[in-house]
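Survey of secondary and tertiary structure
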Amino acid sequence: MILLVPYRTLVITIAPSPHEIRPAAASENVARPYPLVTLPLGDVCHNYLCSKGARARIASQAVACIYSSQQSRARTMMRRRATLLLQAGVLQALVMPRQPPIKTALRAAPDMEDLTRRVFCSRELNMANIEAVGFDMDYTLAQYNEAFDMLAFEGAKDKLVDMGYPEEAIRTFKFDPLQHTRGLVIDKRRGNILKMDRHKYVRRAYHGTRELSRSERKAQYILDAGATPTFVGNDYVNVDSLFQLVDASLFAQLVDVLDEGGPSYAQAFRDVRHAVDLCHQDGVIKDQVAIEPSKYIIPDDNLVPMLTQYRLAGKKVFLLTNSLFDYTNVVMNFLVGKDVNNRDWVDLFDVVVVGAGKPAFLGDGRRDMLRVDAATNMGTLHNFVGKPVSEVGGPAFLQREGKIFQSGTWKELHEMLEVGSGSEVLYVGDHMYGDMIRSKRSLGWRTTLIVPELEPELVLDAQLDLPLRHVVAEKEKECEEAELAVQELRLSLLAQGLDFLESDEREALERAQEESREALKEARDALHRAYHPHWGPLFRSGNQASRFAKQVVDYSCIYTSRASNLLATSPSRTFRPPSDFMPHDDDERPPM
């Protein structure tokens, strides 16, 4: 159960046991009527938490989940009060997100959905300055399930066999959705898959499906001078989209086969990529989705209200997708609950661009734009009716040509939307490079990243991992104390002119230091496995932010788990990020 903390009030949600709280199924209502304890800040709260009566009235083995206010000093006070409960053994876990929930979440009774539907801000964004809001379709407006991935996986296996790879081995390949995650980097030359922190230090690595040891990682990814590689160039591929999890799974299992001999790892990856691409092009995937879209696409009742809300607020809304019209028509009709022969979904947008060819669409190259005649479900392509073709944009143009187009570049799109600069456009997408990085760097678009993986991680933050966090914190403290003991002995002997290596105490202290380091490593590994059995939390790598997390901060103004979460935010809202902290900053310092 998740609670909300109003300003100047500390609210604690008590659950009988963390084991009684489990992630709900997609169709399950996770709200549960756990009792609340509401405590005012200040001495009254302090006395209450310290009293034996309070500890008697609150069941042991409880879990406290706390949202703090935006005020830094109030947040610190809340943390101190709740920590007393932890120290007294009253609570098992404490959740302290840095950013408060969206204001609209306060309208409803607090439950787990309030947490998973939050919109997070990494760069200030004033929606009042946004004239046009655009959306990608695949994995943005439309979320797919595992059955969709299986179409690509099984289809690509057939194509790899046709390419000459050993059928006996290929037929044994299994797709495990937990085998890989977004934000990884594929080393095509070495056959490795890597997870890095924000400094590009490789924290986890697998050769095929075998995890590399620390010494193997360092041997391959620490250069002679101690520097780390840049991980750019043709040898590396970023797993930027959920589409690419199929590629990663096939490649990892194929590497295991090729270790016994065969083509190079780089050639194998090219073949995997080609095989998966063919599945998207020849109907292996899209024909099946068209027959039974409900089997592969996750419905979302909030999508239409969200899109309508922006248009009612005076924003222009556009769809910009790499999918062609025939498939876009299938998916969008399913999302709005209509038959494939219907075109009502088009009315949700001011402009629709299919077959956009991102990221090329976001560049300055010459790419002719064609209009799409939606009279048939396939959509036929035509040149513009009006002459000269260079006159693009404005209501008269859209009235004459329609509002569905294919290919072209951002220049025509800006003209049709009548926006003066990229900063007036907010684009919502899922692909880190094709949607976020290119649009931000090249055009200055404001960006929203859709991260479906965020939902289970937020649930885990609230339900499962905090006892492990306290174990990690305890082991970190013990490790630091053991290391300080060694250094204090070294400095003491140095001051006396004695040799550290000949000290009788050295061996025992260094043994304790090594044991504390190993215990800390085990505690951290246990915490990471709670999030993902192989790669740990999406936004963390070791004690650092992951490379993916750094890209989210650098290139997405806001991010959330579903596009429909934007329904709960005002079209004129100003999003503000939490304050940045340096290591030397005092956490209790009042905001400037």
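The following refers to the structure shown. Bear in mind the structure is a predicted one, so any value in this text is a computation, not a measurement. (Residues numbered from 1 in each chain as written. Predicted model: local features only at pLDDT ≥ 70, side-chain atom pairs only at ≥ 80, totals over all residues. Heavy atoms only, no water.)

**Digging into unusual backbone geometry**
Here the amide bond leading from lysine 358 into proline 359 is cis, since omega sits at 10°, within 30 degrees of zero. As for its position among the elements, proline 359 is in the loop between β16 (351-354) and β17 (369-373). Positive phi values are uncommon outside glycine, yet serine 407 reaches one of about 65°. Among the structural elements, serine 407 can be located in strand β19 (residues 404-407). We classify serine 407 as buried; its relative accessible area is 16%. (Helix = DSSP H or I, 4+ residues; strand = E, 2+ residues; numbered from the N terminus. Buried < 20%, exposed > 50% of the residue type's maximum accessible area, 1.4 Å probe, protein only.)

**Concerning the sheet that holds strand β21 (residues 446-450)**
Note: strands within a sheet are paired through backbone hydrogen bonds, in either parallel or antiparallel orientation. The strand order β5-β24-β21-β20-β7-β15-β16-β19-β17-β18 describes an open sheet built from 10 strands, whose pairing is mixed. In this open sheet, the two edge strands, each paired with only one partner strand, are β5 (120-121) and β18 (380-382). Bridge count between strand β15 (residues 316-320) and β16: three bridges; the pairing is parallel. Looking at β16, one finds that leucine 319 is bridged to valine 352. Running over the sheet, helix α15 (residues 432-443) touches β20 (425-429) and β21 and is turned about 165° from β21. (Pairing = 2+ DSSP bridges. Contact = heavy atoms within 4.5 Å. Axes fitted to C-alpha atoms, helices over the stretch in contact; angles between N-to-C directions.)

**A short note on the packing of aromatic side chains**
Counted according to the given criterion, the structure contains 21 aromatic pairs. Their ring planes at 50° and their centres at 6.0 Å tell us that phenylalanine 148 and phenylalanine 243 sit as a pair that is tilted. Of the two residues, phenylalanine 148 sits in helix α5 (residues 146-162) while phenylalanine 243 sits in the loop between β13 (236-238) and α8 (245-258), which places them 95 residues apart along the sequence. Take phenylalanine 148: its relative accessible area is 3%, and that puts it in the buried class. (Phe/Tyr/Trp six-rings, centres within 6.5 Å; stacked < 30°, edge-to-face > 60°.)

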